[in-house]
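# What the coordinates show
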Amino acid sequence: MAATVPAITLNNGVQMPKLGLGVFQMSDQEVLDTIPVALDAGYRLIDTASRYYNEKALGQALARTDVAREELFVTTKLWFKDHGYKQTKEAFQVSLDNLGLDYLDLYLIHQPFGDYYGSWRAMEELLDEGRIRAIGVSNFFDDRYADLVAHHRVVPAVNQRETHPFNQQTATQELLAKHGTVLQAWGPLGQGNPEILGHPVLAEIAEAHGRSLPQVILRWLVQRGVALVAKSTRIERLRQNAAVFDFELTDEEMARIAALDQRKAGGEFDHRDPRMLELLLTLD
Ligand code: NDP
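Residues numbered from 1 in each chain as written. Predicted model: local features only at pLDDT ≥ 70, side-chain atom pairs only at ≥ 80, totals over all residues. Heavy atoms only, no water.

## As for helix α4 (residues 116-128)
Over its 13 residues, α4 runs 18 Å from end to end, which matches the ideal 18 Å to within 8%, given 1.5 Å per residue. Three or more residues of α4 are buried, namely Y116, G118, S119, W120, A122, M123, E124, L126 and L127. Of the surrounding elements, those touching the buried residues of α4 are β5 (73-78), α3 (85-99), β6 (104-109), β7 (132-138) and α5 (142-150). Looking one or two residues past α4, G130 carries a phi angle of roughly 80 degrees, positive in sign. (Helix = DSSP H or I, 4+ residues; strand = E, 2+ residues; numbered from the N terminus. Expected span 1.5 Å × (residues − 1). Buried < 20%, exposed > 50% of the residue type's maximum accessible area, 1.4 Å probe, protein only. Contact = heavy atoms within 4.5 Å.)

Here is the structure:
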């Protein structure tokens with residue numbers, strides 16, 4: 001049976017599903033195979049990025065579905081090499097054409113590097129013109145987020161950040177909430193980190209509820225009011241990951257998971273590490 005994913009209301013009144021499918025690192029074929037299965041399982045939010053190089057495949061998959069456009073919620077992201085006012089408008093149109101859409105639900109600045117102020121002004125205009133329903137950021141650390149908010153008319157609807165039991169982002173969530181921005185978790189399952197997916201505390205809580213460990217993690221995020229995008233190409237996991245709206249963790253269980261926080265980036269991506277920018281600059 002398809003899960004019903006509830007929505008969260010963004011700061012401009014737009015309704016965004018609390019849980020979506022991320023297609024990072026999916027090949028075109030995986031996107032074509034996975035999207036119909038995910039839509040059948042109840043997913044409506046699909047998260048991609050120009051840098052994932054699979055927008056066209058996603059567009060093809062969406063063109064084949066009979067799910068109404070207004071039920072879908074499509075997110076893509078602007079790559080930092082396209083930052084700047086003019087380049088952003090061009091990159092937006094390329095993404096939209098790749099996706100075969102005439103409007104986008106959510107457009108995110110992927111990384112806080114380069115002239116993202118020019119980009120934000122372009123995105124504000126695209127929002128005003130109705131070409132995007134909501135605009136937001138991704139990987140914006142608190143200082144960069146606060147500065148962007150202080151100097152612009154439109155407050156980001158979403159900040160997509162790495163968020164999972166070892167990197168919980170509680171202070172960030174508080175800051176974002178103060179301005180009405182939703183924290184959306186990327187890598188909610190720690191990108192498959194076995195230390196998270198095999199953690200004894202999480203395993204114990206999962207057993208107590210007769211649920212899988214990943215479901216406990218996703219439920220913990222939902223219960224905190226954190227939106228999320230998780231990735232899987234496997235049908236059973238896709239179904240399982242979406243089925244987290246019919247059980248509840250106790251306050252004690254929430255506290256036990258809160259105690260697992262290590263407050264640090266889990267994998268190769270740390271947007272505060274200058275070496276990361278150096279690495280990204282070497283890419284095309
Ligand atoms: P996730 O935390 O979603 O983990 C994905 C990994 O977990 C895959 O290896 C997947 O394998 C495995 N997995 C998924 N479900 C289960 C399950 N139920 N049981 C066991 N293993 C499972 O990592 P992602 O990096 O994919 O993050 C999710 C999305 O966030 C991305 O797809 C992307 O859209 C977004 N993202 C955004 C970033 C940004 O900079 N803004 C950076 C990184 C991600 P399998 O597919 O084989 O099931």
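There is more to say, and it comes next.
## Describing the sheet that holds β7
Pairing is parallel around the closed barrel formed by eight strands, whose spatial order is β3-β4-β5-β6-β7-β8-β9-β10. Strand-to-strand, the axes of this sheet are offset by a mean angle of 30 degrees, without reference to chain direction. (Pairing = 2+ DSSP bridges. Axes fitted to C-alpha atoms, helices over the stretch in contact; angles between N-to-C directions.)

## Remarks on the site of the ligand
Neighbouring the ligand are 28 residues; D47, S138, L189, Q191 and S232 lie closest to it. Here an oxygen atom of the ligand and a side-chain polar atom of N139 are 2.8 Å apart. Between an oxygen atom of the ligand and a main-chain N or O atom of T233, the distance comes to 3.1 Å. A total of 900 Å² of accessible area belongs to the ligand in isolation, and the protein chains cover 89% of it. When residues of the shell around the ligand are assigned to their parent elements, the largest contribution, three residues, is made by helix α10 (residues 235-242). Classifying every residue of the shell around the ligand gives ten nonpolar, 13 polar and five charged. (Near = heavy atom within 4 Å. Polar contact = N/O pair within 3.5 Å; in protein donor to acceptor, adjacent residues only side chain to side chain. Areas by Shrake-Rupley, 256 points an atom, 1.4 Å probe, with all protein chains shown as cover. Nonpolar A, V, L, I, M, F, W, Y, C, P; charged D, E, K, R; others polar.)

## Side note on the pattern of salt bridges
Per the stated rule, a full pass over the model turns up 13 salt bridges. Across the salt bridge formed by R256 and E204, the nearest N and O atoms sit 3.3 Å from each other. Residue R256 is located in helix α11 (residues 251-258), and its partner E204 is located in helix α8 (residues 200-209); the two are separated by 52 residues in the primary sequence. For R256, a relative accessible area of 27% translates into the label partly exposed. For E204, a relative accessible area of 47% corresponds to the partly exposed category. Among the ionic pairs, R275 bridges to D273, the shortest N-O distance being 2.7 Å. In this structure, a network of salt bridges that share partners links the residues R69, D105 and R133. (Salt bridge = Lys/Arg side-chain N within 4 Å of Asp/Glu carboxyl O.)

## A few points about the side chain of Q215
Tracing the backbone shows Q215 in helix α9 (residues 213-224). One polar contact links the side chain of Q215 to the main-chain carbonyl oxygen of A243, over a distance of 3.1 Å.

## Brief notes about the packing of α5 against helix α6 (residues 170-179)
Helix-helix packing is described using two parameters, namely the angle between the two axes and the distance between the axes. In contact at an axis separation of 11 Å, α5 and α6 are set at 5 degrees when each is read in the N-to-C sense. Considering the angle they form, α5 stands roughly parallel to α6. Packed against α5, whose contacting residues are D142, Y145 and V149, the element α6 presents T172, L175, L176 and H179 at the interface. Across the contact of α5 with α6, the residue classes break down as four nonpolar, two polar and one charged. (Parallel < 35°, antiparallel > 145°, perpendicular 65-115°, else oblique.)

## What about the environment of I257?
Its place among the elements puts I257 in helix α11. Among residues more than four places away in sequence, those in contact with I257 are P165, Q168, L202, I205, V216, W220 and L249.

## Re the nonpolar core
Counting residues in each nonpolar core, the largest one holds 74 residues, and the members touching the most others are L21, I35 and L104. Of all the elements, α9 adds the most residues to this core, at seven residues. Not counting residues up to four positions away in its chain, the partners in contact with I35 are L21, V23, I46, L58, A61 and L62. By size, the runner-up hydrophobic cluster in this structure holds 14 residues, among which are V14, A157, V158 and V229. (Core = buried A, V, L, I, M, F, W, Y, C linked by side-chain atoms within 4.5 Å.)

## Some details on the packing of α8 against α11
Direction vectors running N to C along α8 and α11 enclose 160 degrees, while the axes themselves pass 10 Å from each other. Between α8 and α11, the interaxial angle falls into the category roughly antiparallel. You can see that α8 and α11 cross each other, and the crossing is left-handed. Between α8 and α11, the residues in contact are V201, L202, E204, I205, A208 and H209 and E253, R256 and I257, respectively. (Left-handed = near helix turned anticlockwise from the far one by under 90°.)

So far we have only geometry, and geometry alone does not tell us how the molecule works.
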